[in-house]
Structure formats: C-alpha cells, structure tokens
Amino acid sequence: MKINPKIFSILITLIVSAILGYIEIEIFKEYGWTVFLVIPFIIGFLPPFINGKLSEISKKESYKLSFLTLGIVLIGLLIFAIEGMICIAMSLPLIALLVWLGSYLGFKANSGKWINPTNTTIGLFIICVSSMSFDYLNEPENLIPVRTKVIVNSNIENVWKNVVTFEKIDEPTDWIFITGISYPTDATIKGTGIGAIRYCNFTTGSFVEPITTWNEPNLLQFDVKEQPIPMNEFNPFWEIHPPHLDGYFKSYKGQFKLTKIGENKTELEGTTWYKVGITPEIYWKTWSDFIIHRIHKRVLNHIKIETENK
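Summarised in this report is the structure supplied together with it. (Residues numbered from 1 in each chain as written. Predicted model: local features only at pLDDT ≥ 70, side-chain atom pairs only at ≥ 80, totals over all residues. Heavy atoms only, no water.)

## Description of the packing of aromatic side chains
At step 1: Taken as a whole and judged by the stated rule, the model has 14 aromatic pairs.
At step 2: Here Phe 41 and Phe 45 contribute two aromatic rings whose centre-to-centre distance is 5.8 Å and whose plane-to-plane angle is 15°, an arrangement assigned as stacked. Of the two residues, Phe 41 and Phe 45 both sit in helix α2 (residues 33–54), 4 residues apart, roughly one turn of that helix.
At step 3: Note on Phe 41: relative accessible area 17%, which makes it buried.
At step 4: For Phe 45, a relative accessible area of 5% gives the class buried.
At step 5: Look at Trp 160 and Trp 214: their rings are 5.6 Å apart centre to centre, the planes differ by 80°, and that puts the pair in the edge-to-face class. Of this pair, Trp 160 sits in helix α6 (residues 156–164) while Trp 214 sits in strand β4 (residues 205–215), and the two are 54 residues apart along the sequence. (Phe/Tyr/Trp six-rings, centres within 6.5 Å; stacked < 30°, edge-to-face > 60°. Helix = DSSP H or I, 4+ residues; strand = E, 2+ residues; numbered from the N terminus. Buried < 20%, exposed > 50% of the residue type's maximum accessible area, 1.4 Å probe, protein only.)

## Description of the side chain of Asn 235
At step 1: Here Asn 235 shows up in the loop between β5 (219–223) and β6 (249–262).
At step 2: In this structure Asn 235 comes out as buried when scored by relative accessible area, which is 6%.
At step 3: Of the polar contacts made by the side chain of Asn 235, one reaches the backbone oxygen of Leu 78; its length is 3.0 Å.
At step 4: Excluding anything up to four places from it in sequence, Asn 235 contacts Leu 77, Leu 78, Ala 81, Glu 83 and Ile 240. (Polar contact = N/O pair within 3.5 Å; in protein donor to acceptor, adjacent residues only side chain to side chain. Contact = heavy atoms within 4.5 Å.)

## Topic: the environment of Asn 301
At step 1: Its location among the elements puts Asn 301 in helix α8 (residues 281–309).
At step 2: Given a relative accessible area of 33%, Asn 301 falls into the partly exposed group.
At step 3: A sequence separation of 150 residues divides Asn 301 from Ile 151, and the C-alpha atoms of the two residues are 9.2 Å apart.

## What to know about the pattern of salt bridges
At step 1: Inspection of every chain in the model, using the stated rule, returns 6 salt bridges.
At step 2: In this structure, Glu 209 engages Arg 198 in a salt bridge whose closest nitrogen and oxygen atoms are separated by 2.8 Å. With Glu 209 in strand β4 and Arg 198 in strand β3 (residues 197–202), the pair connects residues that are 11 residues apart, well separated along the chain.
At step 3: With its nearest N and O atoms 2.8 Å apart, the salt bridge here joins Glu 308 to Lys 304. Of the two residues, Glu 308 and Lys 304 are both situated in helix α8; the distance of 4 residues between them amounts to about one turn of the helix. (Salt bridge = Lys/Arg side-chain N within 4 Å of Asp/Glu carboxyl O.)

## Description of the sheet that holds strand β2 (residues 184–190)
At step 1: Strand order in the open sheet formed by 7 strands is β1-β7-β6-β5-β4-β3-β2, and the pairing between neighbours is antiparallel. Edge strands, defined here as strands with exactly one partner in the open sheet, are β1 (144–152) and β2. Ignoring which end each strand starts from, the neighbouring axes of this sheet average 25° apart.
At step 2: Bridge count for β3 against β4 is 6 bridges, and the pairing is antiparallel. Looking across to β4, one finds that Asn 201 is bridged to Ser 206. (Pairing = 2+ DSSP bridges. Axes fitted to C-alpha atoms, helices over the stretch in contact; angles between N-to-C directions.)

## As for the nonpolar core
At step 1: Counting residues in each nonpolar core, the largest one holds 68 residues, and the members touching the most others are Val 163, Phe 256, Leu 258, Leu 268 and Ile 303.
At step 2: The dominant element in this core, judged by the number of residues it contributes, is α2, at 12 residues.
At step 3: For Val 163, the residues in contact, after removing those within four places along its chain, are Arg 198, Leu 220, Phe 256, Leu 258, Leu 268 and Ile 303. (Core = buried A, V, L, I, M, F, W, Y, C linked by side-chain atoms within 4.5 Å.)

## A few points about the packing of α2 against helix α3 (residues 59–79)
At step 1: At a closest axis distance of 8 Å, the pairing of α2 and α3 adopts a crossing angle of 130°. With respect to each other, α2 and α3 are oriented oblique. As α2 packs across α3, the resulting crossing turns out to be right-handed. In contact with Ile 43, Gly 44, Pro 47, Pro 48 and Asn 51 of α2, α3 contributes Ser 62, Leu 65, Ser 66, Thr 69, Leu 70 and Val 73. (Parallel < 35°, antiparallel > 145°, perpendicular 65-115°, else oblique. Left-handed = near helix turned anticlockwise from the far one by under 90°.)

## A few points about a nonpolar patch on the surface
At step 1: Together, Ile 75, Ile 79, Phe 80, Ile 82, Phe 237 and Trp 238 make up an exposed nonpolar region whose accessible area comes to about 660 Å².
At step 2: Assignment of secondary structure puts Ile 75 in helix α3. (Patch = residues over 30% accessible without salt bridge, like charges linked within 9 Å, V, L, I, M, F, W, Y side chains within 5 Å. Areas by Shrake-Rupley, 256 points an atom, 1.4 Å probe, with all protein chains shown as cover.)

## Considering helix α1 (residues 5–27)
At step 1: Between its first and last C-alpha, α1 extends 32 Å over 23 residues, near the 33 Å set by a 1.5 Å rise per residue.
At step 2: Of the positions making up α1, those classed as buried are Pro 5, Ser 9, Ile 10, Thr 13, Ser 17, Leu 20, Gly 21, Glu 24 and Ile 25.
At step 3: Measuring from the backbone nitrogen of Lys 6 back to the side-chain oxygen at the start of α1 gives 2.9 Å, which picks out Asn 4 as the cap. (Expected span 1.5 Å × (residues − 1).)

## Quick look at unusual backbone geometry
At step 1: The peptide bond linking Glu 216 to Pro 217 adopts the cis configuration, its omega dihedral lying at 0°.
At step 2: You can see Pro 217 is positioned in the loop between β4 and β5.
At step 3: Cis geometry is found at the peptide bond from Thr 279 to Pro 280, where omega equals 5°.
At step 4: Tracing the sequence through the fold places Pro 280 in the loop between β7 (265–276) and α8.

In structure tokens:
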C-alpha cells in the first residue's frame, strides 16, 4: 500500500514534537528554547522536508503543509488538556515565525539538494539535545524590575493612607484582564510598621507581603512570601492547570514610593521585581512587563481616584 507523503510527513512530525515536548516539560520541567523555538522549527521543517524526499512539493505547498501541521498540534494541545488558549495566543507570533522559517528551509533542503537525510537527522538531534541542555543548565538569575508612575492631585499624607490598604476596585475594563489574567481587587494589612503583613488580593488568591520598610509617608517596601497563580487558563473543552502556572512566573518583592512634588501633588511609583522561568526571556519578558504595567496601572489609578475624591 502506497503511503500518502503528506500524511506520513505530518505523522512523523507529530511524533517527534510530542516526544521532545514530553521530555522538556514533564522530565526536565522546563518551558524553554526547545518548546518555543526548536519544536516550532521542527514543525515547520520536517513536513516539507520529508514530503519532498517522497514526492515533489512546491514552496506554497510546503508552507501549507507546515501550518496545517501546526494547526493539528495546537488543536491537540487543547483536546488533550495540555494547554489553554491564552498561552497559545501569547506564544503564536513567535511560534508562527519559527514554523515559517522551518518550512522555508525544509523546502530549500530538497529543492537545492544541499542537505542529505542523514546529515539533517544528525543536525536536528544535536540541536534538540543542545537546546534541552541549555534550558536545564541556564536558569534566569537576575530579578526584573517593572516601574509604573502616576501623579496624584493630593498631599502626600492622604496618598499614603490609600497605598497601605485600599478598598475594592471596580471590575476591570482593560481587555487583558478579560482573558483570564489575574488582577488585583483590594488590599488589607495586619499590623503596622516593619513586620506587618500586607495582603494584596487578586482574583486567583492573595499575595502575602511582609513589610520590610515602613518610611511613612515616602516609602513602603515588602517581600512576597506567597503568591497565587498568575491566571485562570481557558480551554474550550476542559478545566486545565498546565505546569507553567506554578512557579514559572514569580514575584519576589515590591514597593510604593511617594514623592512630594507640590503642596497638593504627589508622584506615586509602584515597582515589582520578578523572574520569568520561560524562555526565550526577551520574548516572555515583553508580555510579563506589559501585564505587570497593566496591574500597576489598575492599582495606582484606583489610589489616585480614591485619594482625589476624598
């Protein structure tokens, strides 16, 4: 029985991708270069490369075959409750670029006759092993600061009162929070001064924040002792809890800095220091910084409105 080259190339790609993904996430416990760079590249490269060894394929057909394979992979992640739509949507620009690049090189590997199957297999194996080793040995070390400022038209003492604790914030209108990203609702505190415990409550739980600096009314600093999951992932088929929700984004400390710039004008700056355990860091840091800024804005604007109204 003659095998369909397209179906065969897709099946081989799905098997290779599944094995690499399982090893990287379930064994190495990493969401790194292998998941977001190597596997998408393979999804793009292997279908036109394998198909081209069995029958002739055009560049346009190569792209179609690669992105069809990607579509099958993404649907599979949802159906088998491996991933949710929010993470897929966030990673899609990066993944699509790598699939396109892989598909182009997969087509050129056949049309140009400059790669043979043996060398290609060895090369891909070396890339996969190297990327996994790099993910496993190179953990992010430095904390990433995110700072956001607002100007409050009130004296610094009144602003301070609404920084330490604040009442329930209205439901968000910002689109990012409608997706399932966790957002702050209110803040309470037990005690005063250094050693007091502040609770910044989010939709998924509470950040437990022991106060480390209490310099009223200029500076409030705190560590993050406990924190909730960063989001409720959405899957149209199942309720899921993918591994990347636990510990791959971690906030370590934060502060509110108040600066008097006039008799009834105060600059309020919020800062969060965090690590993101998903690579490439430069890509995921962009998303993390954007989301943290939106969280800061939600809190700071609430403090501004509450203070100015009072």
